[in-house]
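Observations on the model geometry
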Amino acid sequence: MTTAQRPVYGEVVIVAGQSGETDVAQEAVNTLMVEGFEASIPFLRAYMRNGKNAAAAAASVTAGRMVPLGGVFIKQFIERERNVTAHLIHEYAPSTKAEFETYVPRASVLLINTTLMLSWDWVEQIADHARLLNPNIIIVAGGIAVLKFYKVRQFIDAGKLPSNANVLRENLRLLFLKEYHSSIDFFIASNSGEYTLLSLLDSLAKSSEDWKTLPGVCWQEPNAVQWNMNPMGNEPISDVEVDWAKEIIPNPERIIFPIQVGYGCPFKCGFCDFHFIASKPHQSDLASVIRTLKSVPLIEGVRRVFFTNENLLLNSKQSHELLQAIIDADLHLRWTGFVRIDAVQTSDIVDLIVQSGCEKVLIGVESGDETVLRNMNKHCAPALITRALSLLLATKIAVHTYLLVGFPGETEGTIANTVRLFNELPEGGLLMFKAIPLIVAPLSPISMFPEQRVGFGLVGVTNKWRHTTMDYATAHALAQKIPDMMKSTLTSVVPIDQIFPVWDWEKMRQLNLARNVLRFRQRGLQEQPVDPRTDDQLWSALEANLYP
């Protein structure tokens, strides 16, 4: 049966993400280990609950998680616009296999959102599984991964990425027509895509081939993907308003609910590819944002949400309006979100952040070295970083920071400057950090702009790169070394802890301190400052501060 003959607008299945596991071996040097397991907060609670049996604790860990927003939005959108029955599978995992194998055989369409997929192999695995269960199902993939493939293909065809082609061929096989076959029928490359999806399915429902003229729609021919490289249309960016009250969410007490307040980024940081994907920021209507926030269920008197924006606070006017609207709505929020250093330079903004219910801020500090920051085009300086972090650390907000190791200009000396900036921050706050080696994104300015590649002596992309001051292997090794250089009051982030609630600010500070000191000693290192407590006393302190 050809694609045009397959039925559409029966039941629709949406897969919004995949389950992922932490690479314990990679993280082991960055956190305390207990019999080979990362001493995350959920693990430590289970460890104490199971009589300090590490294996039993690891098997019983129940961590918080975030429901993928894109899947919920598409489900509600397609149900509303076409009155179809849509089944949402939040993540493709062993625990959802029975659900997947129940819905897919009777469905007409499978939609795969690639935005939260950790690798393209997972996307293919989902599509192949569905094709085995239902040979006639129409499979459509969309989301950020598809959009990035499409954009890179455009630049390859335009001759703007010639030096990257060999490495890209290894990493992005979807781009090369003679080398790719997929169970996926259609790919939608768009910053939003929901209306393009409707047009595609409407065309198929009429047994028409009008879909071949839709901008951003590509399709599978017998042995290759047919790339429709017509200019992408001006599809409106949606406010991504959802009604969480309509969704049945298992174990909502362990959920942090994603909320989108806008989309896009006006900045051109040298390592980031988002400018080439969505350079014109869209801000959601505040009334829409408040309606979505009000639909989040109250759990023990609060609504826990994660703002998914690349930059929640873009400028003074937008920041004041958004935060004041949240305060005025009296929503009982506990929120987490990304903010830029230059957006947190005044005490009045920090006061509004606190009053609006902020629990954690996530900040891409990237570096504490002036030269590296300038090379990154971060529009930031060490003095601004110190000011923003000092203002936040004077509050009861948890501050999660991210350091990017290996950008052109990086040396052991620039890393020492970054570590010094952190170690000289005022005591008393709750600060965590994550050091990550540079991955050269194909669509990032240092990859796309020849003058930057030549100027920095950059060769290669992804994790196969070198430049005049460093290579990937060195950056990876130094990123692993940074936690050993920080003072013991600063915590290397354990991935599973990033969405764990701050149950008690002071207890979490004391727990992190005890865990950090034990980690230094486990590694045979001397913590700074020196802690007078014995290991047994530190374990007692850790246990005493695990719960409210």
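In case you missed it, the structure is sitting above this.
Residues numbered from 1 in each chain as written. Predicted model: local features only at pLDDT ≥ 70, side-chain atom pairs only at ≥ 80, totals over all residues. Heavy atoms only, no water.

When its secondary structure is counted, the protein chain shows 20 helices and 21 strands. Computed over C-alpha atoms, the radius of gyration of the protein chain comes to 24 Å, within 12% of the 24 Å expected from 2.2 N^0.38 for 548 residues, which places it in the range of a compact globule. Along the longest, intermediate and shortest principal axes, the C-alpha atoms of the protein chain span 75 × 55 × 50 Å. Counting across all 548 residues of the protein chain, residues that qualify as buried make up 56%. (Helix = DSSP H or I, 4+ residues; strand = E, 2+ residues; numbered from the N terminus. Rg over C-alpha atoms; globule rule 2.2 N^0.38 Å. Buried < 20%, exposed > 50% of the residue type's maximum accessible area, 1.4 Å probe, protein only.)

Two modes of strand pairing occur in sheets, parallel and antiparallel, and in both the strands are linked by backbone hydrogen bonds. Within the open sheet, the eight strands sit side by side as β4-β11-β14-β15-β16-β17-β18-β21. Their pairing is parallel. Looking at the sheet topology across the chains shown, the edges are occupied by β4 (65-66) and β21 (491-492). The strands touched by helix α19 (residues 505-522) within the sheet are β18 (430-437) and β21, with β18 carrying the most contacts at an inclination of about 50 degrees. (Pairing = 2+ DSSP bridges. Contact = heavy atoms within 4.5 Å. Axes fitted to C-alpha atoms, helices over the stretch in contact; angles between N-to-C directions.)

The subject of this paragraph is the environment of L32. One can find L32 in the loop between α1 (24-27) and β2 (33-34). L32 sits 215 residues away from E247 along the chain, and the two C-alpha atoms are 38 Å apart. Those residues in contact with L32 that lie beyond four places of it in its chain are F37, E38, A39, R515, L518, R519, Q522 and W539.

What follows is about helix α15 (residues 412-423). The terminal C-alpha atoms of α15, which comprises twelve residues, lie 16 Å apart, in line with the 16 Å expected from a rise of 1.5 Å per residue. Restricting attention to buried positions, one finds in α15 the residues T414, I415, T418, V419, L421 and F422. Buried residues of α15, seen end-on, are gathered within an arc of 155 degrees and therefore sit on one face of the element. Considering only its buried residues, α15 is in contact with β16 (358-366), α13 (370-376), α14 (382-393), β17 (398-405), β18 and α18 (472-485). One side-chain oxygen of the residue at the start of α15 lies 3.2 Å from the amide nitrogen of G413, identifying that residue as T411. (Expected span 1.5 Å × (residues − 1). Arc of directions from axis to C-beta. Polar contact = N/O pair within 3.5 Å; in protein donor to acceptor, adjacent residues only side chain to side chain.)

Moving on, we get to the nonpolar core. Ranked by internal contacts, the top residues of the largest apolar core, which has 104 residues, are W244, L293, F307 and F422. Excluding its chain neighbours within four sequence positions, the residues that come into contact with F422 are V365, L389, T401, L403, L431, F433, M486, K487 and L490. A130, I144, I156 and L314 belong to the second largest nonpolar core, which has 43 residues in total. (Core = buried A, V, L, I, M, F, W, Y, C linked by side-chain atoms within 4.5 Å.)

Let us now look at the pattern of salt bridges. Tallied over the full model, the rule gives 21 salt bridges. Here E11 ties to R106 by a salt bridge, and the two come within 3.0 Å at their closest N and O atoms. With E11 in strand β1 (residues 11-15) and R106 in the loop between α5 (97-103) and β6 (107-113), this residue pair connects regions lying 95 residues apart in the sequence. For R106, a relative accessible area of 45% gives the class partly exposed. Taken together, the salt bridges that share partners define one network made up of K75, E79 and E247. (Salt bridge = Lys/Arg side-chain N within 4 Å of Asp/Glu carboxyl O.)

Here we have seven strands laid out as an open sheet, ordered β5-β1-β6-β7-β8-β9-β10, and mixed in their pairing. Each edge of the open sheet is held by one strand with a lone partner, namely β5 (86-89) and β10 (225-226). Two strands pair when backbone bridges link them, and strand β7 (residues 138-142) and strand β8 (residues 186-188) are joined in this way by three bridges, in the parallel orientation. Counted as the bridge partner of V140 is F186 from β8. Packed on one face of the sheet, helix α9 (residues 194-205) meets β6, β7, β8 and β9 (217-220) and runs near 155 degrees to β8.

Turning our eyes to something else, we now look at the side chain of K487. Structurally, K487 is set in the loop between α18 and β21. For K487, the contacting residues outside a window of four places in its chain are F422, N423, L425, E427, Q528 and P529.

Here we take up the pairing of strand β14 (residues 303-307). Within a regular strand, side chains alternate between the sheet's two faces. Buried residues dominate β14, accounting for five of its five residues. Both faces of β14 are covered, namely the face carrying R303, V305 and F307 and the face carrying R304 and F306. As judged from the three bridges shared by strand β11 (residues 255-259) and β14, these two strands associate in the parallel manner. Bridge pairing in β14 links I259 to F307. With five bridges connecting them, β14 and strand β15 (residues 333-338) associate as parallel partners. From the neighbouring strand, F306 faces β15, where its bridge partner is T336. The parallel pair β14 and β15, bridged by helix α11 (residues 316-329), forms a crossover whose chirality is right-handed. (Right-handed = clockwise from strand over helix to strand, strands pointing away.)

This brings us to α11. Between its terminal C-alpha atoms α11 stretches 20 Å, which fits the 20 Å expected from 14 residues at 1.5 Å a residue. All buried positions along α11 are accounted for by Q318, S319, L322, L323, A325 and I326. For α11, the buried positions fall inside an angular range of 155 degrees around the axis, keeping them on one side. Residues K317 and D328 are exposed on α11 and point more than 90 degrees away from its buried face.

This part takes up the packing of helix α2 (residues 41-49) against helix α20 (residues 535-544). Contact geometry for α2 and α20: axes closest at 11 Å, N-to-C directions at 100 degrees. One element, α2, and the other, α20, form an angle in the roughly perpendicular class. Listed contacts from α20 to L44, Y47 and M48 of α2 are W539, L542 and E543. Its residues assigned to classes, the contact of α2 with α20 comprises five nonpolar, no polar and one charged. (Parallel < 35°, antiparallel > 145°, perpendicular 65-115°, else oblique. Nonpolar A, V, L, I, M, F, W, Y, C, P; charged D, E, K, R; others polar.)

What follows is about the side chain of D497. Structurally, the position occupied by D497 is in the loop between β21 and α19. Relative accessible area serves as the criterion here: at 6%, D497 is assigned to the buried category. Among the polar contacts listed, one links the side chain of D497 to the side chain of R515, at a separation of 3.0 Å. If we ignore the near neighbours within four places in the chain, the residues touching D497 are S40, I41, P42, K360 and R515.

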